[in-house]
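Each chain is listed here by its residues.
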Amino acid sequence: MIVRSGKVQFLFWSAFFSIILYLWLVTIGVITFILPDEKPLIQPQNVILLMFALYGLLIFITLAGVVVSVMIDNKFYRNFFGIVVILLFASLLVAKSLFD
């Protein structure tokens with residue numbers, strides 16, 4: 001069994017949870033706003049609040065992963081979190097374009 005340092009374990013788990021949170025956000029957005037049978041007359045505030053909280057948590061976890069991966073100079077996780085940040089901002093732009 002390979003024993004990893006605490007920093008690499010933190011990077012692994014933050015990468016894992018950032019993927020889970022991103023998939024959760026995409027699933028909620030698609031189910032609520034793209035796939036309903038008919039357009040809701042009012043926006044579902046509880047879903048919007050949940051998505052806002054999940055985006056905040058995802059941003060926090062991703063930026064923490066970026067900072068730690070840069071500080072310990074881990075190229076794989078630095079590239080991974082860079083891609084996650086790009087996906088995060090792209091999804092924010094797509095979500096913004098859906099509501100305008």
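Owing to the predicted nature of the structure, the values given are computational and were not obtained by experimental measurement.

Undergrad: Hey, could you run me through the side chain of Ser-14 in this one?
TA: Inspection of the secondary structure puts Ser-14 in helix α1 (residues 6-34). Judged by its relative accessible area of 5%, Ser-14 is buried. With residues near it in sequence (within four places) discarded, Ser-14 still touches Ile-61, Gly-65 and Phe-81.

Undergrad: I tried to follow the packing of aromatic side chains on my own but got confused; where do I start?
TA: As enumerated under the stated definition, the model contains seven aromatic pairs in all. Ring geometry for Phe-16 and Phe-17: centres 5.3 Å apart, planes at 75 degrees, overall edge-to-face. On the basis of relative accessible area, Phe-16 is assigned to the partly exposed category, the value being 36%. Under the relative-accessibility criterion, Phe-17 is labelled partly exposed at 41%. Ring centres of Phe-76 and Tyr-77 lie 5.1 Å apart, and the angle between their planes is 75 degrees; on these two criteria the pair is classed as edge-to-face. By relative accessible area, which is 56% here, Phe-76 ends up exposed. Classification of Tyr-77 by relative accessible area gives buried; the value is 11%. Aromatic rings pair up to connect Phe-12, Trp-13, Phe-16 and Phe-17 into one cluster.

Undergrad: Would you explain the nonpolar core in this entry?
TA: Inside soluble globular proteins, nonpolar side chains tend to come together where they are buried. Core analysis: the biggest nonpolar cluster contains eleven residues, these being Leu-21, Leu-25, Ile-28, Phe-33, Val-47, Met-51, Leu-54, Tyr-55, Leu-58, Ile-61 and Leu-88. Beyond its immediate chain neighbours, meaning those up to four positions away, Ile-28 contacts Val-47, Leu-50, Met-51 and Leu-54.

Undergrad: Please explain α1 as it appears in this structure.
TA: One turn of the α-helix equals 3.6 residues, which is why residues spaced by three or four share an orientation. Helix length check: α1 (29 residues) gives 41 Å between terminal C-alpha atoms against 42 Å at 1.5 Å per residue, within 8%. Inspection of α1 places Leu-11, Ser-14, Ala-15, Ser-18, Leu-21, Leu-25, Ile-28, Gly-29, Thr-32 and Phe-33 among the buried residues, and these make up the whole buried set.

Undergrad: What is the right way to read unusual backbone geometry from this model?
TA: Peptide bonds are trans in most cases, and residues, glycine excluded, mostly fall at negative phi. Phi is positive for Asp-73, close to 60 degrees, though the residue is something other than glycine. Residue position: Asp-73 is located in the loop between α2 (45-71) and α3 (75-99).

Undergrad: Can you help me understand α2 in this one?
TA: Here α2 is 27 residues long and its end C-alpha atoms lie 39 Å apart, about the 39 Å a rise of 1.5 Å per residue gives. Backbone geometry just downstream of α2 places Asp-73 in the positive-phi region, at approximately 60 degrees.

Conventions and cut-offs
- Residues numbered from 1 in each chain as written.
- Predicted model: local features only at pLDDT ≥ 70, side-chain atom pairs only at ≥ 80, totals over all residues.
- Heavy atoms only, no water.
- Helix = DSSP H or I, 4+ residues; strand = E, 2+ residues; numbered from the N terminus.
- Buried < 20%, exposed > 50% of the residue type's maximum accessible area, 1.4 Å probe, protein only.
- Contact = heavy atoms within 4.5 Å.
- Phe/Tyr/Trp six-rings, centres within 6.5 Å; stacked < 30°, edge-to-face > 60°.
- Core = buried A, V, L, I, M, F, W, Y, C linked by side-chain atoms within 4.5 Å.
- Expected span 1.5 Å × (residues − 1).

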